[in-house]
Amino acid sequence: MQLRDPLHGRIMSLPPEIFEQVFIWCIINDSLAPLTLQRVSTWWKELVNSSPRVWQRVLLDDAHTTSFLRAQAELWLQRSNPLLIDIELNVQTPDLILPMLSPLLPHVKRWRSFTMQGPQNETSFLLRDYNPENDPLTDLRVSIQDDLDEKRHQIFFSESGQFAMKVRVLHLPNSHLLAPLRITNLRLTEDGLSNLHTHPREIIDFLTACPELQTFYFRGWQHNEPPPPDPIPVASLLYLHTLELKNTCMTRLILSSIDTPRLAHLYLAYLNTDFALEGELHEEGDSDDEAHDFSQSPSTDRATGMGLRNLINRSNPPIQLLDMDFSDLRTKDFRFIFERLPLLRDFLIVASDMSDTVINLLRPFTLSEGQSLRVRLPNLRSLALYNCNRLSGDAVVDVLAARVAYTDQCSDLVKTLSGVTVVTCDGFYHEHGEKLARVLGNRLQLA
């Protein structure tokens, strides 16, 4: 010990900056070196933990478990603060990109550089090249595919000045593998057509990892599978204000499994099918439509209607815009939503088999003899009907004339229509347009 004391003393007398530089060189060969160095002695532990530069390199390798990687990322973030960090990702399967990065994504403002290596991706860049304004990451796009090609894929990009992230996966990651994603805009698409069978439970589970979501767009493809035997836990999306579902057979299960008390804009597109959906569900409202109106897509009409019923019953959302493009409902479902969406301002529907019974729901009515008139959808300002070929022109003219005659006079109680569009509805002829124009004037648009 006496022979070692002089050397030990000289080492101890070195400035801490020298040790810090040595530690940084150690990290070049071993990304986990800070954990090893702090076990050498109490003094070294104090030096390592008080030197943010030692923790600036965050190398995550999927050879470790996701729980280890999350703990590593959180520790490195804490110890490197307030310095910028350099992210390095070694990943063999794209399905792990989001789980590995999720603890770091809310802190993207502190990223200096990003490098990723794997069999299908090798990229390296400075964050300022894609995020010059140092914005937080709010936009995420996830493409679910049945086969991942070998082309290089840039997962971070800037579009219209907005910093965003896009990942391609074979399967959506389970929520327990993810730290909460602080994104506000999510675009989820099914981009494979052969062996792709995303389950609605996986989608809802992924949504639970996005508690701050404000807009959600989902485009699928119409793989027809029976509903799950067990209920899907509900995802609470307290800040979601815009939802778009397109080209999927999972509409009922998705709408029935989310809680959206702030939903204001709902877009439903290309949900109609001419085939029957697999499986049977029996909930209140599932009974046959008493109106027995014709439909080219009876099974999906029912599914979409039941999804909307469940969503409205659970969340009572303040929907102001409802856009239905090749997406239809049963007559009883139109009645249900017309009676429960008092804040709806804009209603657009394309290629619906809605009957005169449905349009007649917009006529002023009384609950009983002697009571004053009232209208469903009292805040409706804009109505657009495209290719609604089961409607008769006589019914459209009669109902809308009666509605505006009432609402124009009672504008202190209800809103009146400020815009009506009728385009390519087979039963709506030129003479109907002339009659309606005399009532609506320049509020009417025809084609």
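This text goes with the structure placed above it.
Keep in mind that what you see is a predicted model, and the values were worked out from it rather than measured.

Chemist: Would you mind going over the packing of helix 10 (residues 298-315) against helix 11 (residues 331-338) with me for this structure?
Modeler: Interaxial distance between helix 10 and helix 11 falls to 9 Å at its minimum, and their mutual angle equals 20°. In terms of orientation, helix 10 and helix 11 fall into the roughly parallel class. When you trace helix 10 past helix 11, the crossing you get is left-handed. Residues Asp301, Arg302, Gly305, Leu308, Arg309, Ile312 and Asn313 of helix 10 form the contact with helix 11, whose own contacting residues are Lys332, Asp333, Phe336 and Ile337. Each residue belonging to the contact of helix 10 with helix 11 can be placed in one class, and the counts come to four nonpolar, two polar and five charged.

Chemist: What is the right way to read the side chain of serine 257 from this model?
Modeler: Considering the arrangement of structural elements, one finds serine 257 in the loop between helix 9 (251-255) and strand 12 (258-259). In this structure the side chain of serine 257 is engaged in a polar contact, spanning 2.6 Å, whose partner is the backbone oxygen of leucine 253.

Chemist: Looking at this structure, how should I read the packing of aromatic side chains?
Modeler: By convention here, two paired aromatic rings are described through the distance between centres and the angle between planes. Evaluation of the coordinates by the stated rule reveals twelve aromatic pairs. Taking 4.6 Å as the distance between ring centres and 65° as the angle between the ring planes, the aromatic pair formed by phenylalanine 125 and tyrosine 130 counts as edge-to-face. On the basis of relative accessible area, phenylalanine 125 is assigned to the buried category, the value being 8%. Plain terms: the ring middles of phenylalanine 334 and phenylalanine 338 are 5.9 Å apart, the flat faces sit at 50° to each other, and that makes the pair tilted. Residue phenylalanine 334 and its partner phenylalanine 338 are located together in helix 11, separated by four residues, close to a single helical turn. Each of the two residues, phenylalanine 334 as well as phenylalanine 338, counts as buried. Connected via pairs of aromatic rings, a cluster forms that spans Trp111, Phe114, Phe125, Tyr130, Phe156 and Phe163.

Chemist: Before we go on, may I ask you to explain the environment of valine 397 in this structure?
Modeler: Note that valine 397 resides in helix 13 (residues 393-407). A sequence separation of 293 residues divides valine 397 from leucine 104, and the C-alpha atoms of the two residues are 58 Å apart.

Chemist: Which parts of the structure should I look at to understand the sheet that holds strand 11 (residues 242-246)?
Modeler: Two orientations exist for strands paired in a sheet by backbone hydrogen bonds: parallel and antiparallel. Taken together, the twelve strands give an open sheet; going across it, the order is 6-7-5-8-9-11-13-14-15-16-17-18, and neighbouring strands pair in mixed fashion. The open sheet has two edge strands with one neighbour each: strand 6 (156-159) and strand 18 (444-446). The average angle at which neighbouring strand axes cross in this sheet is 10°, direction not considered. Note: strand 8 (residues 185-190) against strand 9 (residues 215-219), five bridges, orientation parallel.

Chemist: Quick question: what am I supposed to make of the pattern of salt bridges here?
Modeler: For side chains of opposite charge, pairing can occur when their charged atoms come near one another. Tallied over the entire structure, the rule returns 15 salt bridges. Measuring nitrogen to oxygen at the nearest pair gives 2.7 Å for the salt bridge that ties aspartate 286 to arginine 252. One end of the pair, aspartate 286, is in the loop between strand 13 (265-269) and helix 10; the other, arginine 252, is in helix 9, with 34 residues separating them in the sequence. On the accessibility criterion, aspartate 286 (7% relative accessible area) is buried. Put simply, glutamate 339 and arginine 340 hold a salt bridge, and the shortest N to O gap is 3.8 Å. Judged by relative accessible area, which is 41%, glutamate 339 ranks as partly exposed. According to the relative accessible area criterion, arginine 340 is partly exposed, its value standing at 32%. Taken together, the shared-partner salt bridges connect Arg252, Glu283, Asp286 and Arg302 into one network.

Chemist: What is the right way to look at the environment of asparagine 442 in this model?
Modeler: Mapped onto the elements, asparagine 442 comes out in the loop between helix 14 (430-440) and strand 18. For the pair asparagine 442 and leucine 373, spaced 69 residues apart in sequence, the C-alpha to C-alpha distance is 26 Å.

Chemist: Just checking my understanding: could you explain the packing of helix 13 against helix 14 for this structure?
Modeler: Viewed as axis vectors pointing N to C, helix 13 and helix 14 meet at an angle of 5°, and their least axial separation amounts to 10 Å. In this view, helix 13 runs roughly parallel relative to helix 14, as classed from their interaxial angle. Of the residues in helix 14, those touching helix 13 at Gly393, Asp394, Val396, Val397, Leu400, Ala401 and Val404 are His432, Lys435, Leu436, Val439 and Leu440. The class makeup of the residues in the contact of helix 13 with helix 14 is eight nonpolar, two polar and two charged.

Chemist: Can you walk me through the pairing of strand 14 (residues 321-325) in this structure?
Modeler: A regular strand carries its side chains on alternate faces of the sheet. Taking burial as the measure, the five residues of strand 14 include five buried ones, the bulk of the element. Burial of the side chains of strand 14 extends over both faces: Leu321, Asp323 and Asp325 are buried on one face and Leu322 and Met324 on the other. Sheet analysis places strand 13 next to strand 14, joined by five bridges and oriented parallel. Bridge pairing in strand 14 places leucine 268 opposite methionine 324. Bridge analysis of strand 14 against strand 15 (residues 346-350) gives five bridges, and the strand direction is parallel. Its bridge partner lying in strand 15, methionine 324 is registered against isoleucine 349. Once the chain exits strand 14 it traverses helix 11 before rejoining the sheet at strand 15, and the crossover so formed is right-handed.

Criteria and cut-off values
Residues numbered from 1 in each chain as written. Predicted model: local features only at pLDDT ≥ 70, side-chain atom pairs only at ≥ 80, totals over all residues. Heavy atoms only, no water. Axes fitted to C-alpha atoms, helices over the stretch in contact; angles between N-to-C directions. Helix = DSSP H or I, 4+ residues; strand = E, 2+ residues; numbered from the N terminus. Parallel < 35°, antiparallel > 145°, perpendicular 65-115°, else oblique. Left-handed = near helix turned anticlockwise from the far one by under 90°. Contact = heavy atoms within 4.5 Å. Nonpolar A, V, L, I, M, F, W, Y, C, P; charged D, E, K, R; others polar. Polar contact = N/O pair within 3.5 Å; in protein donor to acceptor, adjacent residues only side chain to side chain. Phe/Tyr/Trp six-rings, centres within 6.5 Å; stacked < 30°, edge-to-face > 60°. Buried < 20%, exposed > 50% of the residue type's maximum accessible area, 1.4 Å probe, protein only. Pairing = 2+ DSSP bridges. Salt bridge = Lys/Arg side-chain N within 4 Å of Asp/Glu carboxyl O. Right-handed = clockwise from strand over helix to strand, strands pointing away.

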